[in-house]
Amino acid sequence: MQADIVVLPGDGIGPEVTAAAIAVLNTVGARYGHRFRFEQHLIGGAAIDATGTPLPAETLEAARSADAVLLGAVGGPKWSDPNAKVRPEQGLLAIRKALGLYANLRPVKPHAAALGASPIKPHLLQGVDIMVVRELTGGIYFGRKQRNGDSASDLCEYNADEIRRVVRRAASLARSRSGRLTSVDKANVLETSRLWRDVTTQVVRDEFPDVALEHQLVDSMAMHLIAKPRAYDVIVTENMFGDILTDEASMLAGSLGLLPSASLGEGTVGIYEPIHGSAPDIAGQGIANPYATILSAAMLLRHSLGLDAEAQCVELAVSNALDAGVLTADLADGRPSVGTRAATDAVIAQLQLPCQVMELRD
Ligand code: NAD
Ligand code: IPM
Ligand code: MN
């Protein structure tokens, strides 16, 4: 197949990790007979520096007409003046909203080789396989923001349609997995959460009677996620709770540098990005972990291009590289470590080997 992929490297380690994912996609293309065309555009701080705005019109235009978007990360100390009128993060929020990407899938599946990097006891992590579905285009992120002298406010708003569509996506994922869905809210305090709970209950009762739904308050969820991660399969939650819980969940996997994501809407175009940020503390050193972005590229193959076997081969290649002990510094835990390029090369080398998944398809 032929596909046009817009790449938005962004800031900090963004260019380093997207370059790794492009190299992997090029290998997949050469090996399995696909032609991926990459077009790079500006977003975030890099876009502010070049054009004055974090999401230039031509970037959005290119993303709209692409088959998929691969994104690095935005932000950094250079643009983090609290009084700044334009901020890199606005570009990211604006492109998610403009493309209607309301469902953000964040899989968390600890790998044996990375268990040492996790602060959690290894026996708690065995068999953990969680899919967090984070609502991405509503809630407090997008409500009216005001600052009047010494007081400030951020409005948190949801309507039933916004909740219904993301819950449907999560429930159908649950149906294709273990049939268990956990909805996370703060219904003991927030009105938006009470609506969230009502709508979720209704959608699952009426449309997914085969899915077992439980509700969990976000504060205790933060605790249970660490104490008994195996108890969860698909988790659905609002925008800010999902943001926070998934950085927490990255400690189940051992590092932020391992968690990919897919942001999806009604069509097939999606944004694929690691859940981590621009990591200014390690940017430019060639030591960033590229696996999260490579795994995001796998999600791109699966969700936007319909190449599920190729996606599985990329996931397997990363898993094999980890098994072979190819660990970046964030994963090493005292063991020898390699840089971004060597980790990427290890995945590429694994991709040259036969991939059983692909043979099954043939
Ligand atoms: P961060 O995720 O950038 O970094 C947190 C810690 O994790 C740092 O110590 C960093 O070195 C480490 N880390 C992150 N990714 C890594 C990788 N691939 N390999 C190895 N180590 C990695 O979070 P932060 O420091 O709070 O934020 C920095 C900037 O990134 C801020 O401007 C923030 O707004 C932005 N940010 C952007 C995105 C995004 O673009 N999607 C996501 C989160 C944060
Ligand atoms: C993420 C990031 C973003 C978010 C920021 C940079 C706006 O933390 O993708 O998780 O909060 O959604
Ligand atoms: Mn985040």
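Residues numbered from 1 in each chain as written. Chains lettered and ligands numbered in written order. Predicted model: local features only at pLDDT ≥ 70, side-chain atom pairs only at ≥ 80, totals over all residues. Heavy atoms only, no water.

Q: For this particular structure, what's the right way to read the packing of aromatic side chains?
A: Given two aromatic rings, their pairing is described by the distance between the two centres and the angle made by the two planes. Evaluation of the coordinates by the stated rule reveals 1 aromatic pair. Pairing Y158 with W196 gives two aromatic rings, centres 5.6 Å apart and planes at 70 degrees, and the pair type is edge-to-face. In this pair, Y158 is assigned in the loop between β7 (151-154) and α6 (160-176) and W196 in helix α7 (residues 191-207), connecting sequence segments 38 residues apart. In this structure W196 comes out as buried when scored by relative accessible area, which is 1%. A cation sits over an aromatic face here: K97 above F142, 4.7 Å from the ring centre. (Phe/Tyr/Trp six-rings, centres within 6.5 Å; stacked < 30°, edge-to-face > 60°. Helix = DSSP H or I, 4+ residues; strand = E, 2+ residues; numbered from the N terminus. Buried < 20%, exposed > 50% of the residue type's maximum accessible area, 1.4 Å probe, protein only. Lys NZ or Arg CZ within 6 Å of the ring centre and 35° of its normal.)

Q: Hey, could you run me through the nonpolar core in this one?
A: Nonpolar side chains tend to gather and get buried jointly when the protein is soluble and globular. Of all hydrophobic cores here, the largest spans 92 residues; its most connected members are V133 and Y291. Among the domains, domain 1 (1-103 + 261-362) and domain 2 (119-253) are the pair contributing at least three residues each to this core. Setting aside its immediate chain neighbours within four residues, Y291 contacts G257, L258, V318, A321, L322, V326, L331, A343 and V347. (Core = buried A, V, L, I, M, F, W, Y, C linked by side-chain atoms within 4.5 Å. Domains from an automatic or database assignment. Contact = heavy atoms within 4.5 Å.)

Q: Could you clarify how one ought to interpret the site of ligand 2 in this entry?
A: Taken together, the residues surrounding ligand 2 are E89, L92, L93, R96, R106, R134, Y141, D243 and I275. R106 is positioned such that a nitrogen or oxygen atom in its side chain is 3.0 Å from an oxygen atom of ligand 2. At 2.8 Å from an oxygen atom of ligand 2 is found a side-chain nitrogen or oxygen belonging to R134. Among the elements that take part in the shell around ligand 2, helix α4 (residues 88-98) stands out by supplying 4 residues, more than any other. The residue inventory of the shell around ligand 2, partitioned by class, reads 4 nonpolar, no polar and 5 charged. (Near = heavy atom within 4 Å. Polar contact = N/O pair within 3.5 Å; in protein donor to acceptor, adjacent residues only side chain to side chain. Nonpolar A, V, L, I, M, F, W, Y, C, P; charged D, E, K, R; others polar.)

Q: When you look at the pairing of strand β9 (residues 212-217) in this model, what are you seeing that I'm missing?
A: Where a strand is regular, its side chains alternate between the two sheet faces. Taken together, the 6 bridges between strand β8 (residues 180-185) and β9 define a ladder with parallel strand orientation. Within β9, the residue paired with S183 across the bridge is H215. Taken together, β8, α7 and β9 form a β-α-β motif whose crossover is right-handed. (Pairing = 2+ DSSP bridges. Right-handed = clockwise from strand over helix to strand, strands pointing away.)

Q: Would you mind showing me how to read α6 here?
A: Because an α-helix packs 3.6 residues into every turn, residues spaced three or four apart end up facing the same way. Look at α6: 24 Å from first C-alpha to last across 17 residues, which is about the 24 Å you get at 1.5 Å a residue. Among the residues of α6, E162, I163, V166, V167, A170, A171, L173 and A174 are the ones counted as buried. For α6, the arc enclosing every buried residue in end-on projection is 155 degrees, short of the 170-degree limit, so these residues lie on one face. Those residues of α6 that are exposed and aimed more than 90 degrees away from the buried face are D161 and S176. Tucked inside the fold, the buried residues of α6 contact β4 (103-108), β5 (130-135), β8, α7 and β10 (234-237). Where α6 begins, the capping side chain belongs to N159, and its oxygen is found 3.1 Å from the backbone nitrogen of D161. (Expected span 1.5 Å × (residues − 1). Arc of directions from axis to C-beta.)

Q: I'm lost on the site of ligand 1 in this one. Help?
A: Near ligand 1 there are 21 residues, and of these V74, E89, G277, A279 and D281 occur at the shortest range. A distance of 2.4 Å separates an oxygen atom of ligand 1 from a polar atom in the side chain of E89. Contact between ligand 1 and D281: an oxygen atom at 2.8 Å from a side-chain N or O atom of the residue. Across the complex, the protein chains shield 68% of the 810 Å² of accessible surface that ligand 1 would expose by itself. (Areas by Shrake-Rupley, 256 points an atom, 1.4 Å probe, with all protein chains shown as cover.)

Q: Help me understand the packing of helix α10 (residues 291-303) against helix α11 (residues 308-323), please; the structure alone is not making it clear to me.
A: Between two packed helices, what matters for the description is the angle formed by their axes and the separation of those axes. Taken N-terminus to C-terminus, the directions of α10 and α11 make an angle of 160 degrees; their axes are 7 Å apart at the nearest point. Classified by the angle their axes make, α10 and α11 are roughly antiparallel. α10 and α11 meet at a crossing whose hand is left-handed. In this structure, α10 uses Y291, I294, L295, A298, L301 and R302 to contact α11, whose residues at the interface are D308, E310, A311, Q312, V314, E315, V318, A321 and L322. For the contact of α10 with α11, the per-class residue count stands at 10 nonpolar, 1 polar and 4 charged. (Axes fitted to C-alpha atoms, helices over the stretch in contact; angles between N-to-C directions. Parallel < 35°, antiparallel > 145°, perpendicular 65-115°, else oblique. Left-handed = near helix turned anticlockwise from the far one by under 90°.)

Q: Can you help me understand the pattern of salt bridges in this one?
A: Side chains that carry opposite charge are capable of pairing whenever their charged atoms lie near each other. Taken as a whole, this structure holds 17 salt bridges when the rule is applied. One salt bridge connects E273 with R96, and the closest N-O pair in it is separated by 2.9 Å. Of this pair, E273 sits in the loop between β12 (270-272) and α10 while R96 sits in helix α4; the two residues are 177 residues apart in sequence, bridging distant segments of the chain. For E273, a relative accessible area of 4% translates into the label buried. Residue classification places R96 among the buried positions, given a relative accessible area of 5%. (Salt bridge = Lys/Arg side-chain N within 4 Å of Asp/Glu carboxyl O.)

Q: So what exactly am I meant to see when it comes to the domain arrangement of the protein here?
A: One can read the domain layout of the protein as domain 1 (1-103 + 261-362) and domain 2 (119-253). Computed over C-alpha atoms, the centres of domain 1 and domain 2 are 24 Å apart. Residue-level contacts link 10 residues of domain 1 with 12 residues of domain 2. Where domain 1 touches domain 2, the interface holds 0 salt bridges. The tally of links from domain 1 across to domain 2 stands at 3 residue pairs in polar contact (both at pLDDT 80 or more). The set of elements that each furnish at least two residues to the side of domain 1 that touches domain 2 consists of α4 and β11 (262-264). No other element matches α4, which puts 3 residues into the side of domain 1 that touches domain 2. Across the side of domain 1 that touches domain 2, the residue classes break down as 6 nonpolar, 2 polar and 2 charged.

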